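Fold and geometry: a report
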Amino acid sequence: MAEEKKRKPAVGLQPEGEVDWSSYEGVLVIVEQRAGQAKKVSWQLLGESRRLADKMNTPLLALVMGKDVSHLAKEAIYHGADKVFLCDDPELADYRTRPYSRVCLQVIRDYKPEIVLFGATYTGRDLAGAIATHLPTGLTADCTQLDVDEDRLLLASRPAFSEKMLATIMCKQFKPQMATARAGVFEALPRDESRQGEVIPVAVHLGTDETVTQVLEFLEQRDRVNLEDAEIIVAGGRGLGGPQGFKVLQDLADALGGQVGASRPVVEMGWISHDHQVGQTGTTVRPRLYIAAGISGAVQHVVGMQNSEYIIAINKDPQAPIFKTANYGVVGDLYEVVPALTRAILAKKGRSVPVEGSRAASEVLPGAPAR
Ligand SMILES: Cc1cc2nc3c(=O)[nH]c(=O)nc-3n(C[C@H](O)[C@H](O)[C@H](O)COP(=O)(O)OP(=O)(O)OC[C@H]3O[C@@H](n4cnc5c(N)ncnc54)[C@H](O)[C@@H]3O)c2cc1C
């Protein structure tokens with residue numbers, strides 16, 4: 001029998017020779033911004049990373065990239081960072097994978113952080129993947145829990161196997177240890193203007209190789225909701241009885257300046273698009289106010305909204321589990337309670353915009369629940 005061949009490690013997938021990882025230090029958070037406005041997830045990640053960095057007794061670092069973004073370097077300090085790398089360059093006005101990953105790679109290679117974290121947004125996922133394969137190192141995507149053990153290993157946990165298991169993934173042989181983390185799961189530190197930190201300007205030469213992609217125009221997708229950054233969410237579930245029920249919720253959301261959310265069954269029934277779905281397989285949200293109307297409060301929904309500052313539940317079943325999570329509960333028909341609430345809010349704001357009443361709403365709803 002032929003002697004079994006020793007498998008060679010794939011090129012680039014093993015550190016060459018003995019790599020000394022001991023010079024790596026710090027937890028680095030990549031701050032995401034668009035048009036000079038930071039994504040909330042960046043500050044949430046800084047909040048959680050402050051805890052990790054303190055546990056490891058290592059500095060908390062942030063990287064701010066973009067055009068005219070120096071104010072965000074200060075904001076990163078106010079939100080917990082000790083040192084902020086700032087790369088302000090006209091070439092970074094719009095997000096493009098190549099120039100942004102070039103900046104990240106330069107900062108990672110020069111400053112050698114032990115851990116690098118990104119928000120699991122479209123941009124964060126794109127950027128983290130591009131960087132991890134270049135270094136190369138391990139990357140865990142879409143984490144919902146982060147911790148470090150006594151050996152300074154990042155314990156990156158994420159739901160796996162159709163969300164049925166929580167897998168904790170470690171990267172033992174490579175540095176930095178990288179992860180993207182879900183928005184809304186972690187808590188930002190209170191903004192503190194008295195915090196002091198160091199801003200380190202980073203100059204990067206972006207050659208034509210990096211800037212070959214041009215952004216010609218940026219089209220805002222107007223009908224796409226951004227639940228992650230919403231301060232107020234009015235969410236509806238199967239209790240709405242039909243897709244038109246969302247009109248009643250939209251009126252309340254408009255009166256409050258909020259967004260509309262939904263439970264999974266109503267998304268699956270096609271009453272509203274998936275970007276409105278809150279929960280384990282939807283978006284995890286952390287608004288100041290979450291109003292759940294006609295939602296029973298199943299655990300898979302609650303994990304996605306339980307960190308909201310205030311939760312108001314409107315449900316006709318006093319036994320509905322949602323009342324265990326809610327700060328305030330109204331037992332009643334949402335088609336009476338929601339329009340009444342909308343009218344009261346508009347009246348308080350001095351606006352007398354007509355609002356569909358319970359009668360009108362139930363008339364337009366073919367599937368409205370019988371009362
Ligand atoms: C792997 C997995 C992942 C999942 N992920 C998610 C997820 O991400 N998000 C999610 O939401 N679910 C998710 N689910 C589904 C979840 O288990 C529940 O089925 C779902 O949350 C229930 O939705 P609901 O509350 O809208 O409907 P129901 O449970 O049917 O509740 C409807 C509620 O409306 C009330 N009601 C009815 N009429 C009225 C009225 N006129 N006025 C006031 N109240 C009324 C009823 O009393 C009831 O409490 C997942 C399930 C699995 C197995």
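**Side note on the overall build of the protein**
Per the secondary structure count, the protein includes 10 helices and 17 strands. Among the 371 residues that make up the protein, the fraction classed as buried is 50%. Sequence separation of at least 24 residues holds for 64% of the intrachain contacts in the protein that already meet a minimum separation of 6. Split by element, the accessible area of the protein, about 19,500 Å² in all, is 50% carbon and sulfur.

**Digging into the sheet that holds strand E6 (residues 115–119)**
Within the open sheet, the 7 strands sit side by side as E7-E11-E6-E1-E4-E5-E12. Their pairing is parallel. Every interior strand has two partners, whereas the edge strands, strand E7 (139–143) and strand E12 (198–201), have only one. Here the average twist between neighbouring strands, direction ignored, is 20 degrees. Contacting strand E1 (27–31), strand E4 (60–66), strand E5 (83–88), E6 and E12, helix H3 (residues 97–111) crosses the sheet at an angle of about 150 degrees to E4.

**Looking at helix H4 (residues 122–134)**
Here H4 contains 13 residues, and its C-alpha end-to-end distance of 19 Å stays within 8% of the 18 Å for a straight helix at 1.5 Å per residue. The complete set of buried residues in H4 reads Thr123, Gly124, Leu127, Ala128, Ala130, Ile131 and Ala132.

**Describing the pattern of salt bridges**
A complete count under the given rule lists 19 salt bridges for this structure. Between Arg96 and Glu91 there is a salt bridge, and its shortest N-O distance comes to 3.0 Å. Overall, the relative accessible area of 9% leaves Arg96 in the buried class. Look at Glu91 and you get partly exposed, because its relative accessible area is 34%. In this structure, Asp251 and Lys247 form a salt bridge, with 2.8 Å as the shortest nitrogen-oxygen distance. Here Asp251 pairs with Lys247, and both are found in helix H5 (residues 245–256), just 4 residues apart, close to one helical turn. When salt bridges that share partners are traced, they join Glu48, Arg51, Lys55 and Asp147 into one network.

**Some details on the nonpolar core**
As a rule of thumb, soluble globular proteins bury nonpolar side chains together. With 32 residues, the main nonpolar core has Leu46, Val84, Leu117, Leu146 and Leu154 as its most contacted residues. The element contributing the most residues to this core is helix H1 (residues 40–56), with 6 residues. Setting aside anything within four residues of it in sequence, one finds Leu46 in contact with Val29, Leu60, Leu61, Ala62, Ala76, His79 and Ala81. If you look at the next biggest cluster of nonpolar residues, it comprises 27 residues, including Ile232, Phe246, Ala253 and Val337.

**What to know about the side chain of Gln44**
Looking at the secondary structure, you find Gln44 in helix H1. Separated by 2.8 Å, the side chain of Gln44 and the backbone nitrogen of Gly184 make a polar contact. Residues contacting Gln44, with those up to four places away along its chain left out, are Ala183, Gly184, Val185, Phe186, Glu187, Ala188 and Arg286.

**Here we look at the site of the ligand**
As a matter of local geometry, the ligand sits amid 26 residues, with Ser263, Thr281, Ser296, Gln300 and Asn315 nearest to it. In this structure, an oxygen atom belonging to the ligand sits 2.7 Å away from a side-chain N or O atom of Gln300. Looking at the shell around the ligand, the elements that each hand over two or more residues are helix H6 (264–268) and helix H7 (299–302). Among the residues making up the shell around the ligand, the classes are represented as 6 nonpolar, 15 polar and 5 charged.

**Digging into the environment of Gln37**
Note on placement: Gln37 falls in strand E3 (residues 37–38). For Gln37, a relative accessible area of 60% puts it in the exposed group. C-alpha separation for the pair Gln37 and Val69, spaced 32 residues apart in sequence, amounts to 8.4 Å.

**Things to note about the confidence of the model for the protein**
A residue-level look at the protein finds 89% of positions with pLDDT of 70 or above and a mean pLDDT of 90. Below a pLDDT of 50 lies the segment residues 1–12, which in the model reaches 2 contacts outside its immediate sequence neighbourhood of four places, other chains included. The model gives residues 357–371 a pLDDT under 50, and that stretch makes 31 contacts with residues more than four places away or in other chains.

**Remarks on the sheet that holds strand E10 (residues 165–169)**
With antiparallel pairing, 3 strands are arranged side by side in an open sheet as E8-E9-E10. Bordering the open sheet on either side are strand E8 (145–148) and E10, each of which pairs with just one other strand. Going from strand to strand, the sheet's axes swing by 25 degrees on average, the running direction of each strand aside. Of the pairings in the sheet, the one linking strand E9 (residues 154–160) to E10 comprises 5 bridges and is antiparallel in character. Paired with Ser157 across the two strands is Thr168, which belongs to E10. Sitting on the sheet, H1 touches E8 and E9, and the angle it makes with E8 is about 20 degrees.

**Quick word on the packing of H5 against helix H9 (residues 334–348)**
For the pair H5 and H9, interaxial distance at closest approach is 9 Å and the crossing angle is 25 degrees. Relative to H9, H5 is oriented roughly parallel. For the pair H5 and H9, the crossing hand works out as left-handed. Residues Gly245, Val248, Leu249, Asp251, Leu252, Ala255 and Leu256 of H5 lie in contact with H9, whose contacting residues are Tyr335, Val338, Pro339, Leu341, Thr342, Ile345 and Leu346. Across the contact of H5 with H9, the residue classes break down as 11 nonpolar, 2 polar and 1 charged.

The rules behind these values
- Residues numbered from 1 in each chain as written.
- Predicted model: local features only at pLDDT ≥ 70, side-chain atom pairs only at ≥ 80, totals over all residues.
- Heavy atoms only, no water.
- Helix = DSSP H or I, 4+ residues; strand = E, 2+ residues; numbered from the N terminus.
- Buried < 20%, exposed > 50% of the residue type's maximum accessible area, 1.4 Å probe, protein only.
- Contact = heavy atoms within 4.5 Å.
- Areas by Shrake-Rupley, 256 points an atom, 1.4 Å probe, with all protein chains shown as cover.
- Pairing = 2+ DSSP bridges.
- Axes fitted to C-alpha atoms, helices over the stretch in contact; angles between N-to-C directions.
- Expected span 1.5 Å × (residues − 1).
- Salt bridge = Lys/Arg side-chain N within 4 Å of Asp/Glu carboxyl O.
- Core = buried A, V, L, I, M, F, W, Y, C linked by side-chain atoms within 4.5 Å.
- Polar contact = N/O pair within 3.5 Å; in protein donor to acceptor, adjacent residues only side chain to side chain.
- Near = heavy atom within 4 Å.
- Nonpolar A, V, L, I, M, F, W, Y, C, P; charged D, E, K, R; others polar.
- pLDDT = per-residue confidence, 0-100.
- Parallel < 35°, antiparallel > 145°, perpendicular 65-115°, else oblique.
- Left-handed = near helix turned anticlockwise from the far one by under 90°.

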